[in-house]
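Spelled out, the chains give:
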Amino acid sequence: MHFMNEKTTTPSLLRLAAAVFLGLIVGFILFLIAALFIGMFNNLMGMNIPVGMDVAENILSAILLVIFVVGCIAGFCWKVWTTPAMEEEDDSSAPDE
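Cut-off values and rules
Residues numbered from 1 in each chain as written. Predicted model: local features only at pLDDT ≥ 70, side-chain atom pairs only at ≥ 80, totals over all residues. Heavy atoms only, no water. Helix = DSSP H or I, 4+ residues; strand = E, 2+ residues; numbered from the N terminus. Buried < 20%, exposed > 50% of the residue type's maximum accessible area, 1.4 Å probe, protein only. Contact = heavy atoms within 4.5 Å. Areas by Shrake-Rupley, 256 points an atom, 1.4 Å probe, with all protein chains shown as cover. Axes fitted to C-alpha atoms, helices over the stretch in contact; angles between N-to-C directions. Left-handed = near helix turned anticlockwise from the far one by under 90°. Nonpolar A, V, L, I, M, F, W, Y, C, P; charged D, E, K, R; others polar.

Peer 1: For this particular structure, what's the right way to read the overall build of the protein?
Peer 2: For the protein, the helix and strand inventory stands at 2 helices and 0 strands. Each of the 97 residues in the protein was classed as buried or not, and the buried ones make up 19%. Partitioning the intrachain contacts of the protein with sequence separation of at least 6 by distance along the chain shows that 60% fall at a separation of at least 24. Total accessible area on the protein is roughly 8,100 Å²; 68% of this is exposed by carbon and sulfur atoms.

Set out below in structure tokens:
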């Protein structure tokens, strides 16, 4: 069983900025995919679920977009915060052959 006995350090600002940027992109893509599937489901079943690509005119779409983006940003930031940064190996410590 593995327990984290080491003291975790705070991640660098660059890693957190990358997590936020990646969260924005992935959250927006997931929203587009969800809106596409909801639109296909609406057309297939003849239902009228008001989720579409027009975020400016539809409050439900805007809320769904915010949920996806905030969830992805929180997930990526949590992953960056809990995963230690990789340390580069020294080539000078390698045995000479």
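Peer 1: It is not clear to me how the packing of helix α1 (residues 13-45) against helix α2 (residues 59-82) should be interpreted in this structure. Could you clarify?
Peer 2: The geometry of α1 relative to α2 is characterised by a closest axis approach of 7 Å and an angle of 145° between their N-to-C directions. When the axes of α1 and α2 are compared, the crossing they make is right-handed. Residues that form the contact of α1 with α2 fall into these classes: 21 nonpolar, 3 polar and 1 charged.

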